[in-house]
Amino acid sequence: MSEPEATVLIAGAGIGGLCLALALRKHCGLAAGEIEVFEQSRSFNDNAGGAVGLYANGLRVLRDISPELLAAVRKAGYPYECRRWFRHDGTQVACARESELCDEPDLQSIGIRRWKLQKVLCDAAADAGIVVSFKMRAESVVKRADDRVEVTFKDGSTRVARLVFGADGLKSKVREAVVGQLAADFTGVTCLMGAAHVPTRIGRGISFPSSRTTKNHGCFYPTGDDEQIFQLYFPAKEVDDAWGTLTAEEGRLECAQLAERLRADGWDEKFLVPLENAEAVIRVGLFAREPLDVWVGGGGRIILLGDAAHPPVPYIGQGAMMAMEDVGVLTRLLKIYCCADGARPFDPSDHLLARVSEAYQQLRIPRVTPVLRSSHQLGKTQQRRAESWWYNLCREWEIWLNVCRHGTLPIMKPGAAYDFRVHVDKYVHDKDKGDASGGGNGDEVAVVDEGGGRARAAVGLLTAAAAAATVALIVARRR
Ligand SMILES: Cc1cc2nc3c(=O)[nH]c(=O)nc-3n(C[C@H](O)[C@H](O)[C@H](O)COP(=O)(O)OP(=O)(O)OC[C@H]3O[C@@H](n4cnc5c(N)ncnc54)[C@H](O)[C@@H]3O)c2cc1C
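Computed from a prediction, not measured in an experiment: that's the story for all the values here.

(A) View of the site of the ligand. Near the ligand lie 34 residues; those nearest to it are Gly 12, Gly 14, Gly 16, Gly 306 and Gly 319. Among the elements of the structure, helix 1 (15-27), strand 3 (51-54), strand 12 (185-196) and helix 8 (319-338) are those that each provide at least two residues to the shell around the ligand. The element that contributes the greatest number of residues to the shell around the ligand is helix 8, accounting for 4 residues. Its residues assigned to classes, the shell around the ligand shows 16 nonpolar, 13 polar and 5 charged.

This is how it looks when you write it as structure tokens:
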């Protein structure tokens, strides 16, 4: 009797894994029973802490799966109208309209509790007949000689599949089958993140207060009419684990201690109110690693996506969006190459998977690398502000000037503008015409970054000129 096998096995039912299951079902004509999803957690709990901002580039992937799915996610989230930068004392530095990032109404940025997003995706998977098996932690993944991939779980059971996807996050086990064991480095920064049921006092949008005197900075956004999310970043000693859900008592205590430190540093009360009313609190140690340069192993049969391939730091809010983009690109390539663009049933033969793997890595690595580097850079600019009043002043001017000139920070635009379909279709078209360049990185992220550096230099010069003119004026008056 032949061994039972899945066509596709997905390790990890996070944002990337669930989106992938839905997209494979929709675009690659796979029956629900051909897709198996395994998740290490016991279950997903309502009201668990944490939230994410969703932007146009990720929302496009949801819309491509189905407009109804996008509508359900939008309903569970809360739209941002503006993006504001503050000094920690409450002085506003600049305010941008969020519609600067995208002008399509159904792709406007939203904030959403992580558990609500997961619930919408899980419900959609259940409606599509896809089974998610909980308490199933993948421990090892091996490509066999018969072109099957065998996954062994923590309980000792095994499952065989034609194709295995590693959507199992920062500490991916599937990744070990592709590149061996790799640790991520602690960045020296920890984030306290939580939700509070308090009226929105910071405006309907996302706000970024930064201290001029300590390395603390934050991000606040609404996820409901009277629900605020806070993410406060501060330097800290190494933590044991990336994600730590705190008990109610621990959460209250850590938030109260942080609020006390921030108050002593002169933070405005509007930033402290959510902290002092926090309900679900998590502590996140920020770990980072350069994105891998190999995302596929096992002869094209073991494929990584999301944090398993490229863990982000969250300053630019693009980590989950990169996972969703991976899904959009991957499933479009699988449809084009393994389903003859929808004309044939899914065929995961070696030669077809080889084309998918090559294209996936050529498209995704040059796209993800600069976006995640921008995020690192943004974090560094935030933390450097406490080191010098001059740097801080230049940075504030730079933000203000950029918002006046570009409508928002240019570093944000390439992230949101990316359309995975355009990128994939250009790649396939160029390949068909014999151009092996592979469609570039799909946007001008690197160029915009350099622009940010140039803007900073220009702001420095302008500030120096203004300071010199002021001194000259004072001296002239005294005479
Ligand atoms: C503080 C903070 C704020 C952030 N804010 C944003 C934001 O605003 N916008 C944004 O786009 N991104 C944001 N991110 C990044 C984003 O959360 C991640 O990039 C995103 O969740 C990655 O999705 P993923 O599916 O790859 O991994 P995950 O969401 O981590 O999901 C992995 C899943 O796999 C499961 N798993 C792990 N190991 C195994 C195993 N061995 N076997 C089976 N299952 C396993 C896990 O339990 C989990 O369910 C933020 C991150 C942090 C830390």
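There's plenty left to go through after this.
(B) Quick look at the packing of helix 6 (residues 248-264) against helix 7 (residues 269-276). Where helix 6 meets helix 7, the axes come as close as 9 Å, and the angle between the chain directions of the two elements is 170°. Between helix 6 and helix 7, the interaxial angle falls into the category roughly antiparallel. Facing helix 6, whose interface residues are Cys 255, Ala 256, Leu 258, Ala 259, Leu 262 and Arg 263, helix 7 presents Leu 272, Leu 275 and Glu 276. Taken together, the residues that form the contact of helix 6 with helix 7 break down as 7 nonpolar, no polar and 2 charged.

(C) Up close: the nonpolar core. Counting 133 residues, the largest nonpolar core has Val 164 and Leu 305 as the members making the most contacts within it. Per-element accounting of this core gives the leading share, 13 residues, to helix 8. Leaving out residues up to four positions away in the same chain, Val 164 has contacts with Leu 9, Ala 11, Val 141, Val 149, Val 151, Val 174, Arg 301 and Ile 302.

(D) Structural detail: the environment of Glu 398. When you line up the elements, Glu 398 lands in helix 10 (residues 389-406). Since 23 C-beta atoms lie within 10 Å of it, Glu 398 is described here as buried. Separated by 305 residues in the primary sequence, Glu 398 and Val 93 have C-alpha atoms spaced 10.0 Å apart.

(E) Region of interest: the sheet that holds strand 4 (residues 78-79). Within the open sheet, the 3 strands sit side by side as 3-7-4. Their pairing is antiparallel. Lying at the two open borders of the sheet, with one neighbouring strand each, are strand 3 and strand 4. One ladder, built from 2 bridges, connects strand 4 with strand 7 (residues 110-113); its direction is antiparallel. Across the sheet, Tyr 78 pairs through a bridge with Gly 111, a residue of strand 7. Relative to strand 7, helix 4 (residues 114-127) is tilted by about 85°, and along the sheet it contacts strand 3 and strand 7.

(F) The packing of helix 8 against helix 12 (residues 420-432), seen in detail. Orientation of helix 8 relative to helix 12, taken along the N-to-C sense of each, is 40°, at an axis distance of 9 Å. Classified by the angle their axes make, helix 8 and helix 12 are oblique. Pair helix 8 / helix 12 crosses with right-handed handedness. Residues Glu 325, Gly 328, Val 329, Arg 332, Leu 333 and Ile 336 of helix 8 touch helix 12, and the partners they reach there are Phe 420, Arg 421, Val 424 and Val 428.

(G) Structural detail: the pairing of strand 13 (residues 205-210). Among the 6 residues in strand 13, 6 count as buried, and that is most of the element. Where strand 5 (residues 82-87) and strand 13 come together, 6 bridges link them in parallel fashion. Within strand 13, the residue paired with Phe 86 across the bridge is Pro 209. The pairing of strand 13 with strand 14 (residues 217-224) spans 2 bridges and is classified as antiparallel. Across the sheet, Ser 207 pairs through a bridge with Phe 220, a residue of strand 14.

(H) Spatial organisation of unusual backbone geometry. One non-glycine residue, Asp 147, lies in positive phi territory at about 65°. As for its placement among the helices and strands, Asp 147 is situated in the loop between strand 9 (138-143) and strand 10 (149-153). On the neighbour-count criterion, Asp 147 (15 C-beta atoms within 10 Å) is partly exposed.

(I) Quick peek at helix 7. Every buried residue of helix 7 is accounted for by Phe 271, Pro 274 and Leu 275. Seen from one end, helix 7 has its buried residues packed into an arc of 105°, which puts them on one side. On its buried side, helix 7 packs onto strand 12, strand 13, strand 14, strand 15 (227-235), helix 6 and strand 17 (278-288).

(J) Examining the environment of Met 322 more closely. Within the secondary structure, Met 322 is located in helix 8. Note: C-alpha distance between Met 322 and Gly 58 (264 residues apart in sequence) is 7.4 Å. Residue contacts for Met 322: discarding those within four places in its chain leaves His 310, Pro 312, Val 368 and Val 371.

(K) Structural view of helix 8. Here helix 8 spans 28 Å end to end across 20 residues, near enough to the 28 Å set by a 1.5 Å rise per residue. Extensive coverage of helix 8 is indicated by the burial of 20 of its 20 residues. Directly after helix 8, the chain includes Ala 340, whose backbone phi takes a positive value near 45°.

(L) The confidence of the model for the protein, seen in detail. Looking at the protein as a whole, its pLDDT mean stands at 88, while 88% of the residues score no less than 70. Across residues 444-453, where pLDDT falls below 50, the model places 17 contacts with residues more than four positions away in sequence or in other chains.

(M) Summary view of the environment of Val 424. With respect to the helices and strands, Val 424 occurs in helix 12. Those residues in contact with Val 424, other than ones at most four positions away along the chain, are Val 329, Arg 332, Leu 333 and Leu 363.

Scoring rules and cut-offs
- Residues numbered from 1 in each chain as written.
- Predicted model: local features only at pLDDT ≥ 70, side-chain atom pairs only at ≥ 80, totals over all residues.
- Near = placed C-beta within 6 Å.
- Helix = DSSP H or I, 4+ residues; strand = E, 2+ residues; numbered from the N terminus.
- Nonpolar A, V, L, I, M, F, W, Y, C, P; charged D, E, K, R; others polar.
- Axes fitted to C-alpha atoms, helices over the stretch in contact; angles between N-to-C directions.
- Parallel < 35°, antiparallel > 145°, perpendicular 65-115°, else oblique.
- Contact = placed C-beta atoms within 7 Å.
- Core = buried A, V, L, I, M, F, W, Y, C linked by C-beta atoms within 7 Å.
- Buried ≥ 20, exposed ≤ 12 C-beta atoms within 10 Å, placed from the backbone.
- Pairing = 2+ DSSP bridges.
- Left-handed = near helix turned anticlockwise from the far one by under 90°.
- Arc of directions from axis to C-beta.
- Expected span 1.5 Å × (residues − 1).
- pLDDT = per-residue confidence, 0-100.

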